[in-house]
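# Summary of structural features
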Amino acid sequence: MLVLLLVMLIVTTSNVKAAGSTATVKLKANKTTVKAGETVEVILEAECAGGINGLSGEVTYDSATVEEVEISVLGKWYNFDTGTKMSITTNEGDKTKDEIVKIAVKVKEGLAEGTKVKIGVKDILLDSFESENSTKEVAPTEIELTVAKETEEKKLTGIEITAQPSKVEYKVGEKFDPTGMKVIATYSDNSSKEITGYDYNPKGELAETDTKIIVSYTEGGITKEAKQEITVKAEGGNEQGK
C-alpha cells in the first residue's frame, strides 16, 4: 500500500486515468522545514470517484537522511503488511476520498542546514468498487522537506538593577521596600526585558548588620541574583555597613 513519508509541505500528487474514474494519491505534511533528529508526520491521502476499497505500495526513503519510518493506518483501514510495505483494505468502500496512512518519519541527527529529506511511495495500486478495471496503477509519488538551522534555546543569563529603590536608608526594625526599583533580565540571544516577578531577601525586620538586599529571579530553571546596597542605622545611631 501507499506509504507517505514526511517531507516539505510541498504536496505531491500522482494519478492515473484508467477505463473508469481517475485515482489520485497525495502525500502531505503540516510543515515545510524540520530539525535534525525531529520526528515528522506525513499523511497519505487517496481519492477515487469509484470508491476506495484498498491500497498497496511501498514507502521509500534515503537512509542517509532518515533514521526510521513507522507506518500506521487511520480510521477503519487495515494494513496486512509490515515494514515499509503496505497492503491496506477496508470494509467501508463508500468513501471516495480519505486519509489512509500516517507515516512517522524520524530525521537523522547531525544533518546540515538545507539538507533535503525525501520520502516517497512506489508500486502503488488502488482498488476501487468499479465493475471494470477496479485495480488502478498510480505513478510513484514523493514529498520533500528541508532541514532548518538549529536555533539555540533562549536562556536567562543575568539580572541587573538599573534603578535603585526610592528608599535605601532604613532604621533598625524597618522592612525593605522595593518601590521604585527597576530590574532588567538579560538573555542568551542578547535580548532583555524589565521583570517584576523577582524575589528578595531579607524580607523581615532589618538589623544594623544588613548592608545589602539580594534580589533573585528564576526563569526556565535558571536563577540569577543581583545586590542592592542599603544603610541601616539604630535610632539616633551612626550609619552602618555602607
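Residues numbered from 1 in each chain as written. Predicted model: local features only at pLDDT ≥ 70, side-chain atom pairs only at ≥ 80, totals over all residues. Heavy atoms only, no water.

### Section: the pattern of salt bridges
In this structure the tally under the stated criterion is ten salt bridges. Of the charged contacts, one joins Lys28 and Glu99 as a salt bridge, the two residues approaching to 2.8 Å between their closest N and O atoms. Pair noted here: Lys28 is in strand β2 (residues 22–29) and Glu99 is in strand β9 (residues 97–107), with a separation of 71 residues, a long-range link. Measuring nitrogen to oxygen at the nearest pair gives 2.4 Å for the salt bridge that ties Lys203 to Asp199. Overlapping salt bridges bring together Lys26, Lys28, Glu45 and Glu99 as one network. (Salt bridge = Lys/Arg side-chain N within 4 Å of Asp/Glu carboxyl O. Helix = DSSP H or I, 4+ residues; strand = E, 2+ residues; numbered from the N terminus.)

### Let's talk about a negative patch on the surface
A cluster of like negative charges, contributed by Glu67, Glu68, Glu70, Glu109 and Glu150, occupies part of the molecular surface. Inspection of the secondary structure puts Glu150 in the loop between β12 (141–147) and β13 (156–163). For Glu150, a relative accessible area of 48% puts it in the partly exposed group. (Patch = residues over 30% accessible without salt bridge, like charges linked within 9 Å, V, L, I, M, F, W, Y side chains within 5 Å. Areas by Shrake-Rupley, 256 points an atom, 1.4 Å probe, with all protein chains shown as cover. Lys, Arg positive; Asp, Glu negative; His and termini not counted. Charge placed at Lys NZ, Arg CZ, Asp CG, Glu CD. Buried < 20%, exposed > 50% of the residue type's maximum accessible area, 1.4 Å probe, protein only.)

### Brief notes about the packing of aromatic side chains
Enumeration over the complete set of coordinates arrives at two aromatic pairs. Between Tyr170 and Phe176, the ring centres sit 6.1 Å apart and the planes meet at 50°, which makes this aromatic pair tilted. With a relative accessible area of 2%, Tyr170 lands in the buried category. Judged by centre distance (5.2 Å) and plane angle (70°), the ring pair of Phe176 and Tyr200 falls under edge-to-face. Here the residue Phe176 occupies a position in the loop between β14 (169–171) and β15 (182–187), and Tyr200 occupies one in strand β17 (residues 199–201), the gap between them amounting to 24 residues. Comparing Phe176 with Tyr200 shows no difference in burial state: the two are buried. Through a chain of ring-to-ring contacts, three or more aromatic side chains come together here, namely Tyr170, Phe176 and Tyr200. Of note, Lys154 hangs over the ring of Tyr187, and the distance from its end group to the ring centre comes to 4.6 Å. Above the ring of Tyr200, the side-chain terminus of Lys203 is found at 5.4 Å from the ring centroid. (Phe/Tyr/Trp six-rings, centres within 6.5 Å; stacked < 30°, edge-to-face > 60°. Lys NZ or Arg CZ within 6 Å of the ring centre and 35° of its normal.)

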